[in-house]
Protein chains: 2
Amino acid sequence: MKLELFYWPEIQGRGEFVRLALEDAGAPYVDVARQPGGMQRMQALLNERLGFAPPLLRAGRLVLAQTPTILHWLAPRINLAPAQEAARARLSQAQLTIADWLVEVHDTHHPIASSLYYEEQKREAKRRAGLFLRERLPKFLGYFEASARTGKRISYVDLSLFQMIEGLRYAFPRVMRKLERKHPALVALHDRVAARPLIRAYLSSERRLPFNQQGIFRHYPELDA
Amino acid sequence: MKLELFYWPEIQGRGEFVRLALEDAGAPYVDVARQPGGMQRMQALLNERLGFAPPLLRAGRLVLAQTPTILHWLAPRINLAPAQEAARARLSQAQLTIADWLVEVHDTHHPIASSLYYEEQKREAKRRAGLFLRERLPKFLGYFEASARTGKRISYVDLSLFQMIEGLRYAFPRVMRKLERKHPALVALHDRVAARPLIRAYLSSERRLPFNQQGIFRHYPELDA
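Draft legend 1. Here's a closer look at the side chain of His72 of chain B. Here His72 of chain B is to be found in helix α3 (residues 67–74). Ignoring any residue separated from it by four or fewer positions in sequence, one finds His72 of chain B in contact with His72 of chain A together with Arg88, Ser92 and Tyr156 of chain B.

Draft legend 2. Seen up close, the sheet that holds strand β2 (residues 29–31) of chain B. All names here are of chain B. Pairing in this open sheet of 4 strands is mixed, and the strands run β2-β1-β3-β4 from one edge to the other. Since the sheet does not close on itself, it has two edges, and those belong to β2 and β4 (62–65), each with one partner. Averaged over neighbouring strand pairs, the angle between their axes works out to 20° when direction is ignored.

Draft legend 3. The arrangement of the relation of the copies chain A and chain B in detail. Between the two copies, chain A and chain B, the superposition gives an RMSD of 0.0 Å; the rotation angle is 180° and the shift along the axis is 0.0 Å. Seen this way, the second copy is the image of the first under a two-fold rotation axis. Across chain A, the smallest distance between a C-alpha and the rotation axis is recorded for Pro111 of chain A, namely 3.0 Å. Here 100% of the interface residues in chain A have copies in chain B that are interface residues too; the copies meet face to matching face.

Draft legend 4. Expanded view of the interface of chain A and chain B. Contact with chain A, which involves 46 residues of that partner, is made by 46 residues of chain B. Counting the surface lost from both chain A and chain B, the interface buries some 3800 Å², and carbon and sulfur atoms represent 55% of this. Where chain A packs against chain B, one counts 8 salt bridges. Along the contact surface separating chain A from chain B lie 27 residue pairs in polar contact (both at pLDDT 80 or more). Counting only elements with at least two residues in the side of chain A that touches chain B, the list comes to β4 (62–65), α3 (67–74), α4 (85–109) and α5 (122–148) of chain A. Residues belonging to the side of chain A that touches chain B are distributed by class as follows: 20 nonpolar, 11 polar and 15 charged.

Draft legend 5. Just the sheet that holds β4 of chain A, in detail. All names here are of chain A. The 4 strands lie next to each other as β2-β1-β3-β4, forming an open sheet whose pairing is mixed. Each of the sheet's edge strands pairs with one partner strand only, and the pair in question is β2 (29–31) and β4. Shown here is a sheet whose adjacent strand axes are inclined to one another by a mean of 20°, direction ignored. Across 4 bridges, strand β3 (residues 56–59) lies against β4 in antiparallel orientation. When the sheet's bridge partners are listed, Arg58 is paired in β4 with Val63. Lying on the sheet, helix α2 (residues 38–47) is in contact with β1 (3–6), β3 and β4; it crosses β3 at an angle near 95°. With respect to the sheet, α3 is in contact with β1, β3 and β4, its orientation differing from that of β4 by roughly 135°.

Draft legend 6. Seen up close, the environment of Leu203 of chain A. The residue Leu203 of chain A is located in helix α9 (residues 197–203) in this model. Here the alpha-carbon distance between Leu203 of chain A and Leu20 of chain A, two residues 183 residues apart in the chain, equals 9.3 Å.

Draft legend 7. How the structure looks around the environment of Ala194 of chain A. Residue and element names in this part refer to chain A. Note on placement: Ala194 falls in helix α8 (residues 184–194). The spatial distance from the C-alpha of Ala194 to the C-alpha of Phe6 is 24 Å, given a sequence separation of 188 residues. Other than its neighbours up to four places away in sequence, Ala194 contacts Phe162, Ile199 and Arg200.

Draft legend 8. Layout of the pattern of salt bridges. All chains considered together, the criterion is met by 36 salt bridges over all chains. For Arg128 of chain B, the salt bridge is made with Asp107 of chain A, and the minimal N-O distance between the two is 3.5 Å. Pair noted here: Arg128 of chain B is in helix α5 (residues 122–148) and Asp107 of chain A is in helix α4, and the two residues belong to different chains. Take Arg128 of chain B and Asp107 of chain A: they sit in the same class, and that class is buried.

Draft legend 9. Fine view of the packing of aromatic side chains. All names here are of chain A. Taken as a whole, this structure holds 18 aromatic pairs over all chains when the rule is applied. Ring geometry for Trp101 versus Phe140: centroids 5.3 Å apart, planes at 5°, classification stacked. With Trp101 in helix α4 and Phe140 in helix α5, this residue pair connects regions lying 39 residues apart in the sequence. There is no split in this pair, since Trp101 and Phe140 are both buried. For the ring pair Phe132 and Phe172, a centre distance of 6.3 Å and an interplane angle of 40° mean the geometry is tilted. Taken as a pair, Phe132 in helix α5 and Phe172 in the loop between α6 (156–171) and α7 (173–180) lie far apart in primary sequence, 40 residues in all. Here Phe172 falls in the buried class, since its relative accessible area comes to 2%.

Draft legend 10. Fine view of a positive patch on the surface. Taken together, the side chains of Arg174, Arg177, Lys178, Arg181 and Lys182 of chain A define a basic patch exposed on the protein surface. Within the fold, Lys178 of chain A resides in helix α7.

Draft legend 11. Representation of the pairing of strand β1 (residues 3–6) of chain B in the model. Residues and elements named next belong to chain B. Neither face of β1 is exposed, since Leu3 and Leu5 on one face and Glu4 and Phe6 on the opposite face are all buried. With 3 bridges joining them, β1 and β2 adopt parallel strand pairing. Across the sheet, the residue bridging to Glu4 is Val30, located in β2. Crossover handedness for the path β1 to helix α1 (residues 15–24) to β2: right-handed. Sheet analysis places β1 next to strand β3 (residues 56–59), joined by 4 bridges and oriented antiparallel. Along β3, the bridge assignment pairs Leu5 with Leu57.

Calculation criteria
Residues numbered from 1 in each chain as written. Chains lettered and ligands numbered in written order. Predicted model: local features only at pLDDT ≥ 70, side-chain atom pairs only at ≥ 80, totals over all residues. Heavy atoms only, no water. Helix = DSSP H or I, 4+ residues; strand = E, 2+ residues; numbered from the N terminus. Contact = heavy atoms within 4.5 Å. Pairing = 2+ DSSP bridges. Axes fitted to C-alpha atoms, helices over the stretch in contact; angles between N-to-C directions. Least-squares fit on C-alpha atoms with pLDDT ≥ 70 in both. Buried area = accessible area lost by both parts, 1.4 Å probe. Salt bridge = Lys/Arg side-chain N within 4 Å of Asp/Glu carboxyl O. Polar contact = N/O pair within 3.5 Å; in protein donor to acceptor, adjacent residues only side chain to side chain. Nonpolar A, V, L, I, M, F, W, Y, C, P; charged D, E, K, R; others polar. Buried < 20%, exposed > 50% of the residue type's maximum accessible area, 1.4 Å probe, protein only. Phe/Tyr/Trp six-rings, centres within 6.5 Å; stacked < 30°, edge-to-face > 60°. Patch = residues over 30% accessible without salt bridge, like charges linked within 9 Å, V, L, I, M, F, W, Y side chains within 5 Å. Areas by Shrake-Rupley, 256 points an atom, 1.4 Å probe, with all protein chains shown as cover. Lys, Arg positive; Asp, Glu negative; His and termini not counted. Charge placed at Lys NZ, Arg CZ, Asp CG, Glu CD. Right-handed = clockwise from strand over helix to strand, strands pointing away.

Now the structure itself:
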C-alpha cells in the first residue's frame, strides 16, 4: 500500500499526529508537500474539494482528510488499533477529544481569527490563554490521566497524547512543570512513547520538524502564566 | 437495540445532530436527561469518564461520546450510511468538518471562554463574529455547496447540514439571506431534509427544542452584520 501524506511542509501541526503513527509503525510513506512540486499536488487535491484543509492521506485511489478520520482508517492497517469496531470507536472518541483540545490550544494565541497576526489579537490571547490554563487544561489532563493507565499495547491515541504533552511543554513550560506533577500516568505514557525505537529514531531525524512560532503550539512567554 | 441518548435537556446543541438521525430513521430512543432522574444518570456516565462531555449514546453495553463518533457507529445501523468502510470514512470526514464549523459558530459569541457570560466578552465576540461571517462562513458554505449536489440517498451528514443551515438562519438571519442566494444546492438539500415525513413530524413535535440563547446557535443582532 503506497501512502502519501499531504501537509504544510514547515510546521508539525495536525499532520504530526499522522506522521507519528506512520513512523511508529515503520510504514513507508511520502511526505508529499516536502518534495519538489509537492505543494502544487496538495493544492490540486484541495481544489478538487477532497478535503477542507490539510492533512490529507492518499492510499491508492482513496483520499481522506481530517486527522481523526485518517487515523481511524489507517491505524488498524498498521497495527495501531484493534480491528474490532467498538474498540475502534472508543479510540476515535478519544482522538476527537484530543482534536477539541488542540483547537483550544491553537486559540490561546489566535482567539479572534487565524487570518490575523498574533500581535493583532495579543490582548484577547492573554485573556483566553489565562482561562485555558486555569480551567480547561487541567480538565483535559485529568480526563486523559484517568485513561492513560489502562492500555498495554500502544495505540495511535497514545502517540497523539505524547504529542500533546510535547507541544504543551514547548508552549507553556512554566505551567506544565506544575501540572505534570499531578499527572504521573500521562508523563509515564509520554516517556514510554518517546522510548520506542522507531519514535526515537524519528525524533532525532530531519523528518521531525522543530516546534516553531508558525505552528499550533507556540511559545509566547507572556501567555505562560 | 435499546438506544439511550444523553444530552443537556434545555438546548439543541450537539445532541441535536444525533436526535435528527434517530428521528429520521424512526429509531426508538430515550432522551434520558429529559426524563425524571435523567440528569443524574448522565452525570454518572461522565463521572465514570465514559466521555469528556455530552452527548453520549448508550447501546446495550456500549457507551460512546463525541457526536461524529456516535454518528459513525450509529448511521450504518439505521440506514443513514453505507456499510462500506471507504464511504463511511468520507462521511466521517465531512461530519468532522461540520464539527469544526460548529466550534467556530459557538466561538462567535464565546471567543474567550465558555465559562464567561457573553456580556463579559462582547467586544471580542463582535470582532470574531465579523471575521467569521466575512471569511470563514463563505468558505464552509462553499465547500459543502460543491458536495451537496451529489448524493441521492440521504445520509446523516445531510441531516447535519440541514441543522447547520437552520441554526445559521436563527443566529445570523441578515447575513444568511445574502449568502443563501449563492448556495442553492445547500438550500435545496435543507428543504429536501425538512420535507421528509419523520423529520417534519419531529420538527413540529415537543421533542424538538426551540433555538434559544443558551445553545450553540444564538441570535445577537449586533453580531449579525
